[in-house]
Amino acid sequence: MIRLENISKTYRTDKVETLALKDINLHVNKGEFLSIMGPSGCGKSTLLNLIGLLDQPGAGTISVDGAAVKSYRDKDVAQLRNQTFGFIFQSFHLINDLQVIDNVELPLLYRSLPARERKQRAREALERVGLGARMEHYPNQLSGGQQQRVAIARAIVGRPQVLLADEPTGNLDSQMGGEVMDLLLRLNQEGTTVVMVTHDEREAKRGSHIVRVFDGQLVS
Amino acid sequence: MFKNYLITAYKVYTRRKLFTAINLACITLTLMVLLVVTALLQNAFYPTGVEGRSDRFLQVTTLVAESEGGNSVRTGPLGYKLIDQYLRPMKSVQLVAAISSPRTVSVYQDDRVSELMLRRADAAYWQILDFKVLEGSVPSAEDVAQGRFVAVLNASTAARLYPGASALGQQLNAGGQTFKVIGVVEDTLQLNSYSDIWVPVTTDPSSEYRNQMFGDFFALLLADSPAQLPLIQAEVAEVARNLQFDDPRQWNLALMWADSKLDFFARGLFRTERQADSGAGLLLAIIAALMILFMLLPALNLVNLNSGRILERSSEIGVRKAFGASSRTLVIQFVIENVLLCLFGGLLGLIAAIAALNWLEHSGLIPYLKVDINLAVFGCGLAITLFFGLLSGVIPAWKMSRLHPVQALKGAA
Ligand SMILES: Nc1ncnc2c1ncn2[C@@H]1O[C@H](COP(=O)(O)OP(=O)(O)OP(=O)(O)O)[C@@H](O)[C@H]1O
Ligand SMILES: [Mg+2]
C-alpha cells in the first residue's frame, strides 16, 4: 500500500541540524493496523507525517499504491492526501469557528460533491462515532473524547484507504482513550488501513503489527 | 464551490461577532468620514451646482495697496470703480461680474424683523453663476442699468417671509429700501452664491461706490475655457502693476490676484495676499496628508486584527491542507472572506455617510448646505480598505498556505 525507501529527514534551524529520521525502510500493508512506538523525540511524528505526505522527506522515496511521489507541490499532492489519507491528531485540530458538522464535512469540500451529499455523508460519519446528536455544537462545547471522535469522523468521512493517527489517545483519559481505540479497531476490521503512533504498549498490542523507532531509526 | 466559500465566510463571521463588529466598525467609520469630508470639500472647491462653471472663472477678492517705502499698507475688498474701469476692459476675459459680500440687513415683514444676508450684484453675476430659478426671473441687464428696485430671494427666505403665498410681486422692505420680489432661486451654500437676498448693484443708496478703489465688492472673471485661466491671472497681475490711484502719493504699489476657490481659501489660511502663489499646493498636500493619516489608523487596526488571527488560523490552514486543500483554494477562501467584509463595511459606510450628510443638510447646522456623495471617492476608499484587508488578511494566509501542512499545523509563521 505505502512503501518508504531509504527515507531520511533532517530539520534545520538557524543553529542546529537535527537528523530526525535516518534511512527508514518501511512497508505499510493494505488492511493492517500498524502501531509505531518509541521514546519521545525519536521521530515517530515525523515518520507518520511523511507517510501521510504532510511533509517532504530529505531523501528517499515514498510510493503510494505503487506510484512514487515525485513532487510535493500541493497541486500534485493535494488530491492524493484527500483521496488516500485521513488524519487524526493528538490535539484534535478542529476548527473552532465551525460547527461539528461543518468540521466533519471539510474533506469533502475539496471534492466535487453536491452539498446535499456532503451533508449526508458527514451526518453518517458522525453517527458512526456516536455523535449524531452533537452536529450543531461547536468543538469547544464538547469533551476531549468527543472532540477526538469528531476528528475521527472527519478523518473517515472521505472513506480514505489509510487512517493516520498521531497519539490519538494522548490527550484523553483511559476511558475515552479506550473508546477511541475501539473505534479505530472497528474501522480497521471494516477494511481501513490504520497507522497509529502511541506511547501505550497495550494499545499498540491491539494492532496487528508494531514498529519501534529509536533515535530516528527502525529497530527490530 | 463559490457558494461554499460564502457560506464558510458567513459562518466564521457570525461566530466571531466581536472580531467582525470591530472590523466592520473600522471600515464603516473610515469610509463614512472620508465620504462626508470629501463631499463637503467637493461642494466647496469642485465645479458643481450653482458654481458649476467655477473651472472657468476666477475671483479677485482683495486689493493690497502700499505707500511709497511701504510704511502704510491697506488690504481690503475691491471698490466698484476698480472692477468697472480696470477689470471689465481686460482682454483675456469673456465676462466680469461685480458682487458685494453678503451684508446683514433688517427685513421688516408683518411687524416682524428678520436679519438676512443681502448681496448687490450686476447683471453679469447672473450669467456667470448658474442659479436654478424656481419662480419668476433674475434681474436683467436693463433692471441693473436702470437701477430698478427688484429683488431675488432664495427658496428658504421666500418661504419664511411669505408663508403659504407666492413671493413673486411681494414688497420687500430690506435695509430701509423697498424692493419688488421678481424671482426665487434654489438655496445654495457656495463661496460666491450664498445669500438670502440679491438686488441690483445700482440700487445702492449712495452712488459713492462708483468712485471707490476699495469697497466691499469682489469680481468674478469668466474665461472662454479653463485653459484661458493662466492668461487671466497674468493679466490681472499686470493690471495691478499699472493701477492708477487718485492720489498716487498715498498709494503707489498695488497687488491683486485672480484666484480659484482653492487659492482663495489658501490665501486666507496662509495670509499670502502679497504673493502670486497662494499656497494652494501646500493646502492640497496638507488635506491629502490628513486624509491619508486618517485612513491609516483604521487600516493599521485592520492589519493588527487580522495578523492576530493568523496564528489561530494557521492550524486551520494546516488541517485544510492535510485534507486536500491546495494553496489556491485556500487563498480564494481568504480573499473572499476579506472582500466580503470590506464590501459589507463599505456598504454600511456609504449608507452612514448618506445619512450623515442628510442630517447635516436638514439640521440647519450649516445653512443651505446641499451636497452629494462622490462615488469616485467611495470607490477609492473601498479600494484602500480592500487593499489593506488583502494585505493583512490574505498575504499572511497565502504565505502560510504555501508551507507544508505540518509546518502550518505547528503554527510556523
Ligand atoms: N519543525 C522542527 N524543527 C526542528 N526540529 C524538529 C522539528 N520537528 C521535530 N523536530 C525534531 O525532530 C526530532 C523528532 O521529532 P518528532 O516530533 O518526530 O518526535 P516524536 O517521536 O513524535 O516525539 P513525541 O513522542 O514527543 O511526540 C526531535 O528531536 C525534534 O526535536
Ligand atoms: Mg510526536
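Procedures and definitions
- Residues numbered from 1 in each chain as written.
- Chains lettered and ligands numbered in written order.
- Predicted model: local features only at pLDDT ≥ 70, side-chain atom pairs only at ≥ 80, totals over all residues.
- Heavy atoms only, no water.
- Pairing = 2+ DSSP bridges.
- Helix = DSSP H or I, 4+ residues; strand = E, 2+ residues; numbered from the N terminus.
- Axes fitted to C-alpha atoms, helices over the stretch in contact; angles between N-to-C directions.
- Contact = heavy atoms within 4.5 Å.
- Domains from an automatic or database assignment.
- Salt bridge = Lys/Arg side-chain N within 4 Å of Asp/Glu carboxyl O.
- Polar contact = N/O pair within 3.5 Å; in protein donor to acceptor, adjacent residues only side chain to side chain.
- Nonpolar A, V, L, I, M, F, W, Y, C, P; charged D, E, K, R; others polar.
- Buried area = accessible area lost by both parts, 1.4 Å probe.
- Phe/Tyr/Trp six-rings, centres within 6.5 Å; stacked < 30°, edge-to-face > 60°.
- Buried < 20%, exposed > 50% of the residue type's maximum accessible area, 1.4 Å probe, protein only.

1. Observations concerning the sheet that holds strand E3 (residues 73-76) of chain B
Residue and element names in this part refer to chain B.
So, step 1. Ordered in space as E3-E2-E13, the three strands form an open sheet in which the pairing is antiparallel. Each edge of the open sheet carries a strand with a single partner, namely E3 and strand E13 (253-255). If you compare each strand with its neighbour and ignore which way they point, the axes differ by 15° on average.
So, step 2. With three bridges connecting them, strand E2 (residues 63-66) and E13 associate as antiparallel partners.

2. Section: the sheet that holds strand E3 (residues 33-37) of chain A
Residue and element names in this part refer to chain A.
So, step 1. A sheet is described by the order of its strands in space; here six strands give the open sequence E6-E7-E8-E3-E9-E10, paired in mixed fashion. Two strands bound the open sheet, and with one partner strand each, they are strand E6 (85-88) and strand E10 (217-219). Adjacent strand axes in the sheet meet at a mean angle of 25° when their direction is disregarded.
So, step 2. Along the sheet, helix H2 (residues 74-84) makes contact with E6 and strand E7 (162-166), crossing E6 at roughly 75°.
So, step 3. Contacting E3, E6, E7 and strand E8 (193-197), helix H6 (residues 174-189) crosses the sheet at an angle of about 150° to E8.

3. Considering the domain arrangement of chain B
Residue and element names in this part refer to chain B.
So, step 1. Annotation of chain B at the domain level lists domain 1 (2-47 + 282-409) and domain 2 (57-277).
So, step 2. For domain 1 versus domain 2, the distance between C-alpha centres works out to 46 Å.
So, step 3. Domain 1 puts 13 residues into the contact, and the matching count from domain 2 is 16 residues.
So, step 4. Across the contact surface, domain 1 and domain 2 share zero salt bridges.
So, step 5. Applying the counting criterion to the domain 1 and domain 2 interface returns zero residue pairs in polar contact (both at pLDDT 80 or more).
So, step 6. Listing elements by their share of the side of domain 1 that touches domain 2, those giving two or more residues are helix H2 (17-45) and helix H9 (280-322).
So, step 7. The dominant element in the side of domain 1 that touches domain 2, judged by the number of residues it contributes, is H9, at four residues.
So, step 8. Residue composition of the side of domain 1 that touches domain 2, by class: eleven nonpolar, one polar and one charged.

4. Topic: the interface of chain A and chain B
So, step 1. Of the residues lining the interface, 28 residues belong to chain A; the matching set on chain B comes to 27 residues.
So, step 2. With both chains or domains summed, chain A and chain B bury close to 2500 Å², and 57% of this area falls on carbon and sulfur atoms.
So, step 3. At the surface where chain A touches chain B, the tally comes to two salt bridges.
So, step 4. Joining chain A to chain B, the criterion identifies nine residue pairs in polar contact (both at pLDDT 80 or more).
So, step 5. Where the side of chain A that touches chain B is concerned, the elements lending two or more residues are H2, E6, helix H3 (100-109), helix H4 (115-128) and helix H5 (144-156) of chain A.
So, step 6. Partitioning the side of chain A that touches chain B into residue classes produces 13 nonpolar, seven polar and eight charged.

5. A few points about the pattern of salt bridges
So, step 1. Counted under the stated rule, the structure contains 30 salt bridges over all chains.
So, step 2. A single salt-bridge network, built from bridges that share partners, covers Asp102(A), Glu105(A), Arg118(A), Lys119(A) and Lys11(B).

6. Brief notes about the packing of aromatic side chains
Residue and element names in this part refer to chain B.
So, step 1. Per the counting criterion, the structure on display carries 14 aromatic pairs over all chains.
So, step 2. Their ring planes at 90° and their centres at 5.1 Å tell us that Phe45 and Phe265 sit as a pair that is edge-to-face. Taken together, the residues Phe45 in helix H2 and Phe265 in helix H8 (residues 261-270) connect sequence positions 220 residues apart.
So, step 3. Of the residues examined, Phe265 reaches a relative accessible area of 36% and is grouped as partly exposed.

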